[in-house]
Amino acid sequence: MFKTLDELGSGNRVLVRLDLNSPVEDGIVKDNRRFARHARTVRELVEDGHRVVVMAHQGRPGRDSFVSLDQHADLLAEYVETPVGFVDDVHGDEAVDAIRGLDAGEILLLENVRMSDDELPEKPAEEHADSEFVQTLAPEFDCYINDAYSAAHRSHASLVGFPLVLPAYAGRVMEAEYEANTSIASREFDGQVTMVLGGAKATDVIDVMSALDEAIDHYLLGGIVGELFLRAAGYDVGYDVGGTELYDHQWEQNEERIRELLAERSDRITLPFDLAYEDAADERAEFPVTDDVEKDFPLLDVGSTTVERYGEVIEDSAAVFVKGALGVFEDERFSTGTVGVLETIATTDCFSVIGGGDTSRAIELYGLDEEYFSHVSIAGGAYVRALTGQSLPGVDALTRSCERVESSVDQ
Ligand SMILES: Nc1ncnc2c1ncn2[C@@H]1O[C@H](COP(=O)(O)OP(=O)(O)O)[C@@H](O)[C@H]1O
Ligand SMILES: O=C(OP(=O)(O)O)[C@H](O)COP(=O)(O)O
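Residues numbered from 1 in each chain as written. Chains lettered and ligands numbered in written order. Predicted model: local features only at pLDDT ≥ 70, side-chain atom pairs only at ≥ 80, totals over all residues. Heavy atoms only, no water.

K.L.:
Sorry, what's going on with the UniProt feature "binding site: substrate" (unreviewed entry) in the protein here?
P.N.:
Under the present numbering, the feature "binding site: substrate" (unreviewed entry) in UniProt falls on Asp19, Leu20, Asn21, Arg34, His57, Gln58, Gly59, Arg60, Arg114 and Arg154. Considering the arrangement of structural elements, one finds Asn21 in the loop between strand E1 (13-17) and strand E2 (24-25). The exposure class assigned to Asn21 is buried, which follows from its relative accessible area of 19%. Excluding residues within four positions of it along the chain, Asn21 makes contact with Arg34, His57, Gln58 and Gly59. Examined against the element boundaries, Arg114 turns out to sit in the loop between strand E6 (107-110) and helix H4 (125-129). If near-sequence neighbours (up to four positions away) are discounted, Arg114 is found in contact with His57, Gly59, Arg60, Pro61, Phe66, Glu119, Leu120, Arg154 and His156. Here Gly59 takes part through its backbone oxygen, which lies 2.8 Å from a polar atom of the side chain of Arg114. (UniProt positions renumbered as here; feature names shortened; annotations may be inferred. Helix = DSSP H or I, 4+ residues; strand = E, 2+ residues; numbered from the N terminus. Buried < 20%, exposed > 50% of the residue type's maximum accessible area, 1.4 Å probe, protein only. Contact = heavy atoms within 4.5 Å. Polar contact = N/O pair within 3.5 Å; in protein donor to acceptor, adjacent residues only side chain to side chain.)

Laid out in structure tokens, this is it:
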């Protein structure tokens, strides 16, 4: 296990890693529950008189969502109700000077850590601990706090490198999400267990399906992932059209595993029956996946028949886990799949967990009450890996830090 803020004391120089990775639409960072949830940790640190330096990431290099964290500073400040300084540097002289200029109770947000070449390589914690990133910043702090449960499945420098060189603690989001999602992994259910998998990250979804195996009775697929499985099943969908770059590279990476899963579990995997697109009149239009028409336009949601058939499975389930949206729910015309499934879950008495930074945002966008669901996680890939009992590098690093400190005390 790991240490929490209950054991932190007060008046320290703290480096805290949050996950503020957010949807970005036309360059605008969209508010979402990650800011509200992490604000609790930051507010507690401020009230305890710490000098608070925040690290976070946004998007991935090459994606439209890969932007500076300057907007995140303003959004976080609104929730913490304290000014949040921002420096557009990660671990250079400008960042170090800004860190050294902080007073007790002040907050500084560093630039998107993924703009540092040291951050992204998936490497063992020991290698990240030796990076210039970690070696430059660590001496400026008394301790490190990881609150980024939703990024804990990544073995990146800001998530695993610091606990090897600084006393490390879990933030309040890390603590709560770990407890909720780990308890789920060990639960037994007296009925069928269904998993709804969608979104844009095929590798995350396929990792989960490979690990969960017999634990899930039904997989209901949608989103980009659902189309890739349809492509493997022989349907004329699931490839880049209209300038999209969301399918073909993921197909190249995952085709073999998708085909294996379909062959092994065809009786437990249900694919969309129909899909939706934007027609010439800018309206939502649907077609059965069996239609043999030229599909040279982006497919943006599952269709109404799919929502109805998936609803029948959900209504017969004792537990339903959701990760990843079934369509581009941010556009109301293509929210039918995601919202339809969430509404069906909300009206049944099954145990339900909704996971995913983007997906859980659909709940607030469409006025669904979190109380309808057993747990709403702001994590996606991390939550599903916890479901599968897989370790999370960010959590393991905290645990190792705790064991290292305890063993040095015993000596
Ligand atoms: N058919 C689709 N085409 C393009 N984007 C899609 C499609 N279906 C879902 N998405 C996008 O997937 C995103 C969520 O994917 P992902 O990041 O994997 O989920 P989460 O962040 O919830 O774990 C949503 O923002 C949604 O717009
Ligand atoms: O949003 C996140 O994951 P999620 O999409 O699984 O919820 C995390 O911030 C991790 O982001 P990444 O998948 O770009 O490493």
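K.L.:
Explain the packing of helix H1 (residues 33-47) against helix H2 (residues 70-80) here, please?
P.N.:
Between two packed helices, the angle of one axis relative to the other and the distance separating the axes together describe the packing. Interhelical geometry of H1 versus H2 gives an angle of 65° and a closest axis separation of 9 Å. Accordingly, the angle class assigned to the pair H1 and H2 is roughly perpendicular. Of the two possible hands of crossing, H1 and H2 adopt the one that is right-handed. Where H1 approaches H2, its residues Phe35, Ala36, Ala39, Val42 and Arg43 are matched on the opposing element by His72, Leu75, Leu76, Tyr79 and Val80. (Axes fitted to C-alpha atoms, helices over the stretch in contact; angles between N-to-C directions. Parallel < 35°, antiparallel > 145°, perpendicular 65-115°, else oblique. Left-handed = near helix turned anticlockwise from the far one by under 90°.)

K.L.:
What should I look at first to understand empty space enclosed by the protein in this one?
P.N.:
If you roll a probe as big as a water molecule over the atoms, it shows you where there is empty space left. Across all of its chains, the model carries two cavities of 30 Å³ or more by this definition. When its volume is computed, the largest cavity comes out at roughly 50 Å³. Considering the residues around the largest cavity, the lining is formed by Glu227, Gly238, Tyr239, Val241, Tyr247, Lys295, Phe297, Pro298 and Leu299. Residues belonging to the lining of the largest cavity are distributed by class as follows: six nonpolar, one polar and two charged. Residue lining of the second largest cavity: Val322, Gly324, Ala325, Leu326, Gly337, Thr338, Val341, Leu342 and Thr359, and that is the complete set. Among the elements that make up the lining of the second largest cavity, the one with the highest residue count is helix H12 (residues 336-346) (four residues). (1 Å grid on protein atoms, 1.4 Å probe; cavity = no way out; pocket = protein on both sides within 12 Å on 5 of 7 lines; lining within 4 Å. Points joined across faces, edges and corners; volume = space filled by probe spheres on them. Nonpolar A, V, L, I, M, F, W, Y, C, P; charged D, E, K, R; others polar.)

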